[in-house]
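# A look at the structure
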Amino acid sequence: MYQYAVYLEKVSFSYGDTKVLQDLSLKARPGEHIGIIGDSGCGKSTVLKILAGLYEPDSGSVMIEGESLPAKIRGKAALVMQQNSLFPLSIRDNITCGHDISEEKIWKACDSASLSGWIKSLPEGLNTNVGERGNRVSGGQAQRIQIARALCKEASVILLDEPASALDRDTGQSVLDALNRLTRGKTVIHVTHHPETLDDSCVIYRLEGGKLVHA
């Protein structure tokens, strides 16, 4: 049985000649919520992409729930990005990502993500195409589709990258409410410029000089 749901040990990462992370370490126990703050461009999103199995570090150890292979890690963690990361496919395909998921489970995820009412109002419902880079849906709808995707994945580690920063207050609050449902009982790593969006249970770190320090 693994002791830590998230385990980074002396991780370094560079983009070309630019060193972004330097001997960074982070440990989170199952169910723990961690917030990471820091200036724009300091490497917060890079940490999440390493945790999601999308990037491999130059050196150091990465384990998610005892798994270290990127393909295995990708099955353990769900990532909700600040940027619109939808595919030019239907709402259904963006939620299922090609996996065989029952209608009941899809709609349950849509309910939890506050999507169902809007989807049912569309002539093509779940089969509505979101357009190139999701340009046929609003920012709030795109974020909630990502949340429904993460809910269907049933990952126990949730990675959040500024999920409500680009949204207006009312839309942002509805997305945060959906995120609260998504993250309940899960291990969460949440990177943000806005500490006020972190829940009270978060252990907060600041990313400085490629390393994490307690905020």
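Just above sits the structure.
Residues numbered from 1 in each chain as written. Predicted model: local features only at pLDDT ≥ 70, side-chain atom pairs only at ≥ 80, totals over all residues. Heavy atoms only, no water.

With that settled, consider the overall build of the chain. Summing up its helical and strand segments, the chain has seven helices and nine strands in all. For 215 residues, the compact-globule formula gives about 17 Å, and the C-alpha radius of gyration of the chain, at 17 Å, lands near that figure. Buried residues in the chain amount to 47% of all 215 residues. Contacts in the chain between residues at least 24 apart in sequence constitute 72% of all its contacts with a sequence separation of at least 6. Taken as two groups, the 24 positive and 26 negative side-chain charges of the chain have centres that lie 2 Å from each other. (Helix = DSSP H or I, 4+ residues; strand = E, 2+ residues; numbered from the N terminus. Rg over C-alpha atoms; globule rule 2.2 N^0.38 Å. Buried < 20%, exposed > 50% of the residue type's maximum accessible area, 1.4 Å probe, protein only. Contact = heavy atoms within 4.5 Å. Lys, Arg positive; Asp, Glu negative; His and termini not counted. Charge placed at Lys NZ, Arg CZ, Asp CG, Glu CD.)

With that settled, the discussion passes to the pairing of strand E8 (residues 203–208). Pairing of strand E3 (residues 33–37) with E8, which is carried by four bridges, proceeds in the parallel orientation. For Ile 36, the partnering residue across the bridge sits in E8 and is Tyr 205. Note that E8 and strand E9 (residues 211–214) share four bridges and pair antiparallel. Note on E9: the bridge partner recorded for Glu 208 is Lys 211. Hairpin geometry of E8 and E9 is characterised by an intervening segment of two residues between the two adjacent antiparallel strands and by a positive phi of about 60 degrees at Gly 209. (Pairing = 2+ DSSP bridges.)

What holds strands together in a sheet is hydrogen bonding between their backbones, with the strands either parallel or antiparallel. Strand order in this open sheet of three strands is E2-E1-E4, and the pairing throughout is antiparallel. Of all the strands in the sheet, the pair left with one neighbour each is strand E2 (18–28) and strand E4 (59–64). Pairs of neighbouring strands in the sheet enclose a mean axial angle of 25 degrees, with direction left out of account. The sheet contact formed by strand E1 (residues 6–15) and E2 spans seven bridges and is antiparallel. Opposite Tyr 7, over in E2, you have Lys 27 as the bridge partner. The strands touched by helix H1 (residues 44–51) are E1, E2 and E4; relative to E1, the strand with the most contacts, the crossing angle is about 120 degrees. (Axes fitted to C-alpha atoms, helices over the stretch in contact; angles between N-to-C directions.)

What follows covers the sheet that holds strand E7 (residues 187–192). Pairing is mixed in the open sheet, where six strands are placed in the order E5-E6-E7-E3-E8-E9. Among the strands making up the open sheet, the edge pair consists of strand E5 (77–80) and E9. Taken over all neighbouring pairs, the strand axes of this sheet differ in orientation by 25 degrees on average, direction set aside.

On to the packing of helix H4 (residues 103–112) against helix H6 (residues 139–153), then. Contact pair H4 / H6: the axes reach a minimum separation of 8 Å and the direction vectors enclose 130 degrees. As the angle between them shows, H4 and H6 are arranged oblique. Crossing handedness for the pair H4 and H6: right-handed. Only Ala 148, Leu 151 and Cys 152 of H6 make contact with H4, whose side of the interface consists of Lys 105, Ile 106, Ala 109, Cys 110 and Ser 112. Tallied by class, the residues present in the contact of H4 with H6 amount to six nonpolar, one polar and one charged. (Parallel < 35°, antiparallel > 145°, perpendicular 65-115°, else oblique. Left-handed = near helix turned anticlockwise from the far one by under 90°. Nonpolar A, V, L, I, M, F, W, Y, C, P; charged D, E, K, R; others polar.)

Another aspect to go through is the side chain of Thr 128. Residue position: Thr 128 is located in the loop between helix H5 (116–121) and H6. Not counting the four nearest positions on each side in its chain, Thr 128 is found in contact with Leu 89, Ser 90, Ile 91 and Leu 122.

Next up on the list: the nonpolar core. By size, the foremost hydrophobic cluster in this structure holds 32 residues, and its most contacted members are Ile 95, Ile 147 and Leu 182. Mapped by element, the contributors of at least two residues to this core are E5, helix H3 (91–96), H4, H6, strand E6 (157–161) and helix H7 (169–183). The element contributing the most residues to this core is H6, with seven residues. Counting 31 residues, the second largest nonpolar core, distinct from the first, contains Val 6, Ala 28, Leu 48 and Val 157. (Core = buried A, V, L, I, M, F, W, Y, C linked by side-chain atoms within 4.5 Å.)

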